[in-house]
Amino acid sequence: MKVVTPAEMSEMDRQTIAHGIADYELMERAGHCCFDVIDRETASDAKILVLCGAGNNGGDGQVVARLCFNQRRPVQVLFVGNPDHFTPNSERNFKRLQDTGVPYAFFTELDDNTERMIRDADVIVDAVLGNGLKNRPLYPNVAALFEYVNQSKAVIYAIDIPSGLRGSNGLTVGQAIRADRTLIIQNPKVGMLLEDGPDFLGEPTVLDVGISEQYTDSQKKVLDDESIPKLAKRLKNSNKYDYGAVSIVAGSRGMIGAGLMSSAACLRSGAGLVTTWVPESIYEIVAAQMPWEIMVKPYTQDNVISQLKQQKATAYVIGPGIGRKMLYADLIKWLIETGKPVVIDADGLYHLSKIKSVLSEHAGPIILTPHAGEFCRLCEITKDEYKENSTQIASEFAAKYQVILVLKGYRTRIFVPRGDDPAQCEIWFNTTGNPGMATAGSGDILTGIIAGLLSQTSRPEDAAKLGVYLHGLSGDMAAEQFGECALNAMHLIDKLPESFKTTKRNANE
Ligand SMILES: NC(=O)C1=CN([C@@H]2O[C@H](COP(=O)(O)OP(=O)(O)OC[C@H]3O[C@@H](n4cnc5c(N)ncnc54)[C@H](O)[C@@H]3O)[C@@H](O)[C@H]2O)[C@@H](O)CC1
Ligand SMILES: Nc1ncnc2c1ncn2[C@@H]1O[C@H](COP(=O)(O)OP(=O)(O)O)[C@@H](O)[C@H]1O
Ligand SMILES: [K+]
């Protein structure tokens, strides 16, 4: 399934209409689909209040209200928006609403009357603003209304997108409806998956109203159990060298766990051989704690490259817990010139940010796994610039440097460049994972998983996609068992076998 921007959604609407489905009919379908869900999930005597804007989102809301009324449900409409600004289809539906006899009123101020309407409602349908939202503050009376609605006890259904939430980036225009359920018309919008989007969305359901995604060239897609790459089948006639030898440069005094976790995760993800390189000063203690299967080797600032040269590796990791005291610029340069796949994470990204231009000269595949803060440092942008426009900036970065970018967050995105045009960059939005994973070490484990998979496939993008998906799935399984609060990074490693098995089953192998 494609993820779209509001502009791409509008283009899909336009094309669908141009190809023969009348816009009035589309609105009718959208309203019917929304009504069906609300009707199914709501007690027949529930008092329903539909908030309708003047645009087409409000038109969908009017259809819902009419259908509720026809089913003899207690329903009324509060128009939030100027009727002089009705779109043609909203106007048409308004006439039909009046003919049907649905009770309605117009909102001006949050007075006793409107407060009572909201207080009395069991269900509130939010059809004030949809895909046509512009990035400007709400009028103060509408902002006050939204705030009051958000405090109500009613179950809130947002049509298409919670009003006030920006479909382009998941920021609000200052205030937005906080929905319990969002009934998404046809395709998820980018902003539903980023920043505040998921918290305002509540539980989403995507409704098929007959708009075809062939009408957009969006390269943004949902990464779910249907779209994850398949796991490679192990041949009977194979040995450990067929599954890659990963060299991991990780850990430093005070952060030994990072190397332990990424190495253990790498091993669990199927790498044939894992060697972990640590500074001499922590060698003994790391070696004593490392799983038996993993080799641990010491290095110093001076001999690190010559040491690594002696060990034949098919993939490298640099970064988890290496700290900022030692200098790693030369090592990073050497690694990305080897032509072998390299995963750069955490403090490795810090060191990389000082020598970013070397990325232009990489010989083999590079996977970078920054969280938002690390990405901002790498791109020299502010947090606000990131929030406003992260999808565009990250596509440009991936295309410019020809690297696979794993941009971590609630819905981690994997950017896979396709040529040097950022618009052609594939962006995969992961669907697994939960806030319980916001805990020290979970990023180190992701890096280990990706590296383990990287050593087994010739398609680095598959390692990134599958790694992110499995990491999140392990997190969901761990949250199911322990709850989000008590979830620790090590639980992700414990759940890896189960998540591998589940995806294998889904892949029908
Ligand atoms: N053919 C189509 O375009 C279809 C559209 N559909 C519905 O139509 C919606 C999009 O409709 P529209 O393009 O009319 O847009 P909206 O209904 O989202 O709203 C546009 C209206 O809101 C006002 N507005 C925008 N930003 C504002 C802000 N920040 N503060 C206050 N007012 C603001 C505009 O002035 C305009 O009057 C979708 O979300 C979906 O619900 C569906 O019926 C399916 C088909
Ligand atoms: N709120 C959240 N919901 C889902 N996943 C999250 C959330 N917060 C963090 N994660 C995931 O946990 C990992 C954290 O990585 P990172 O920030 O590098 O942590 P650390 O450096 O402690 O290992 C990432 O994979 C990220 O996607
Ligand atoms: K809405």
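Residues numbered from 1 in each chain as written. Chains lettered and ligands numbered in written order. Predicted model: local features only at pLDDT ≥ 70, side-chain atom pairs only at ≥ 80, totals over all residues. Heavy atoms only, no water.

This brings us to the overall build of the protein. Secondary structure summary: the protein contains 17 helices and 17 strands in total. The C-alpha radius of gyration computed for the protein amounts to 26 Å, which stays within 12% of the reference 23 Å derived for 509 residues, consistent with globular compactness. Principal axes of the C-alpha set define a box for the protein whose edges measure 85 × 45 × 45 Å. Put simply, of all contacts in the protein between residues at least 6 apart along the chain, 72% involve residues at least 24 apart. Carbon and sulfur atoms make up 48% of the accessible area of the protein, which totals about 21,900 Å². Between the mean site of the 52 positive side-chain charges and the mean site of the 62 negative ones, the protein shows a separation of 5 Å. (Helix = DSSP H or I, 4+ residues; strand = E, 2+ residues; numbered from the N terminus. Rg over C-alpha atoms; globule rule 2.2 N^0.38 Å. Contact = heavy atoms within 4.5 Å. Areas by Shrake-Rupley, 256 points an atom, 1.4 Å probe, with all protein chains shown as cover. Lys, Arg positive; Asp, Glu negative; His and termini not counted. Charge placed at Lys NZ, Arg CZ, Asp CG, Glu CD.)

Attention now moves to the site of ligand 1. For ligand 1, the set of nearby residues contains 19 residues, the closest of which are Asn56, Asp60, Gly130, Lys134 and Asp160. Here Asp60 contributes a side-chain N or O atom positioned 2.5 Å from an oxygen atom of ligand 1. For ligand 1, an oxygen atom lies 2.5 Å from a polar atom in the side chain of Asp160. Protein chains shield 82% of the accessible area of ligand 1, which is 870 Å² for the free molecule. At the level of elements, helix H1 (6-18), helix H2 (23-41) and helix H3 (56-70) are the ones that each hand at least two residues to the shell around ligand 1. (Near = heavy atom within 4 Å. Polar contact = N/O pair within 3.5 Å; in protein donor to acceptor, adjacent residues only side chain to side chain.)

Quick look at the coordination of the potassium ion (ligand 3) now. Here the potassium ion (ligand 3) is held by the protein donor atoms Asn57 (OD1), Asp126 (O), Leu129 (O), Ile159 (O), Ile161 (O) and Ser163 (OG), which lie 2.6 to 3.1 Å from it. In this structure, the potassium ion (ligand 3) is coordinated by 6 donor atoms arranged in irregular fashion, with angles at the metal of 64 to 176°. Linear spacing of the donor residues for the potassium ion (ligand 3) on their chain is N-x68-D-x2-L-x29-I-x1-I-x1-S. With Asn57 in helix H3 and Asp126 in strand E4 (residues 123-127), this pair connects stretches of sequence that are 69 residues apart. Asp126 shares its class with Asn57; the two are buried. (Donors = N, O, S within 2.8 Å, 3.2 Å for Na, K, Ca; no water. Tetrahedral: all angles 85-135°; square planar, octahedral: opposite > 155°, others 65-115°. Buried < 20%, exposed > 50% of the residue type's maximum accessible area, 1.4 Å probe, protein only.)

Scanning all chains against the criterion turns up 19 salt bridges. The salt bridge involving Glu91 is made with Lys95; its shortest N-O contact spans 3.8 Å. Taken together, the positions of Glu91 and Lys95, both in helix H4 (residues 88-100) and 4 residues apart, correspond to about one turn of that helix. The class of Lys95 is partly exposed, set by a relative accessible area of 47%. Several salt bridges share partner residues, and in doing so they unite Arg418, Glu426, Arg459, Glu461 and Asp462 into one network. (Salt bridge = Lys/Arg side-chain N within 4 Å of Asp/Glu carboxyl O.)

When the UniProt feature table is mapped to this numbering, "domain: YjeF N-terminal" (unreviewed entry) covers residues 9-217. Between the C-alpha atoms that bound residues 9-217 the distance is 11 Å, and the span itself is 39% helix and 16% strand. (UniProt positions renumbered as here; feature names shortened; annotations may be inferred.)

A separate point is unusual backbone geometry. Even without a glycine there, the phi angle at Arg72 is positive, about 60°. Looking at where Arg72 falls in the secondary structure, it is placed in the loop between H3 and strand E2 (75-79). Exposure remark for Arg72: the relative accessible area of 75% places this residue in the exposed category.

Turning our attention to the side chain of Ser247. In this fold, Ser247 is placed in strand E9 (residues 245-249). Excluding residues within four positions of it along the chain, Ser247 makes contact with Thr275, Trp277, Gln311, Ala313, Ala315, Tyr316 and Val317.

Taken domain by domain, the protein holds domain 1 (6-215) and domain 2 (240-506). Here the C-alpha centre of domain 2 lies 41 Å away from the C-alpha centre of domain 1. Taken together, the contact between domain 1 and domain 2 spans 9 residues of the former and 9 residues of the latter. In total, domain 1 and domain 2 occlude about 730 Å² of area from one another, counting both sides; carbon and sulfur atoms represent 61% of this. Taken as a group, Leu193, Leu194 and Glu195 account for 55% of the area that domain 1 buries against domain 2, more than any other trio of residues on that side. There are 1 salt bridge connecting domain 1 and domain 2. Arg166 is the partner of Glu388 in a salt bridge, and the nearest nitrogen-oxygen pair spans 2.6 Å. Joining domain 1 to domain 2, the criterion identifies 2 residue pairs in polar contact (both at pLDDT 80 or more). Partitioned by chemical class, the residues of the side of domain 1 that touches domain 2 number 5 nonpolar, 2 polar and 2 charged. (Domains from an automatic or database assignment. Buried area = accessible area lost by both parts, 1.4 Å probe. Nonpolar A, V, L, I, M, F, W, Y, C, P; charged D, E, K, R; others polar.)

Interaxial distance between helix H8 (residues 256-268) and helix H15 (residues 442-454) falls to 7 Å at its minimum, and their mutual angle equals 35°. Two packed elements cross with a definite hand, and for H8 against H15 that hand is right-handed. Taking contact as the criterion, the partners of Ala258, Met261, Ser262, Ala265 and Cys266 in H8 are, on H15, Asp444, Ile445, Gly448, Ile449, Ala451 and Gly452. Residues of the contact of H8 with H15, tallied by class, amount to 7 nonpolar, 3 polar and 1 charged. (Axes fitted to C-alpha atoms, helices over the stretch in contact; angles between N-to-C directions. Left-handed = near helix turned anticlockwise from the far one by under 90°.)

Attention shifts here to the site of ligand 2. As a matter of local geometry, ligand 2 sits amid 17 residues, with Lys408, Gly409, Asn434, Gly441 and Gly443 nearest to it. A distance of 3.2 Å separates a nitrogen atom of ligand 2 from a polar atom in the backbone of Asn434. Between a nitrogen atom of ligand 2 and a main-chain N or O atom of Pro435, the distance comes to 3.4 Å. Against a free-state accessible area of 570 Å², the protein chains account for coverage of 78% of ligand 2. For the shell around ligand 2, the element with the highest residue contribution is H15, accounting for 4 residues. A per-class count over the shell around ligand 2 returns 6 nonpolar, 9 polar and 2 charged.

With that settled, the discussion passes to the sheet that holds strand E14 (residues 366-368). Each strand in a sheet pairs with another by means of backbone hydrogen bonds, the pair being arranged parallel or else antiparallel. On the basis of which strands lie adjacent, the open sheet formed by 10 strands has the order E8-E17-E16-E15-E14-E13-E12-E9-E10-E11 and mixed pairing. The sheet is open, and its two edges are formed by strand E8 (220-223) and strand E11 (295-299), each paired on a single side. Across this sheet, the average inter-strand angle for adjacent strands is 20°, counted without regard to direction. As defined by bridge partners, strand E10 (residues 273-279) adjoins E11 across 5 bridges and the pair is classed as parallel. Counted as the bridge partner of Trp277 is Lys297 from E11. Lying over the sheet, helix H11 (residues 329-337) contacts E9, strand E12 (315-318), strand E13 (342-344) and E14, oriented at roughly 155° with respect to E12. (Pairing = 2+ DSSP bridges.)

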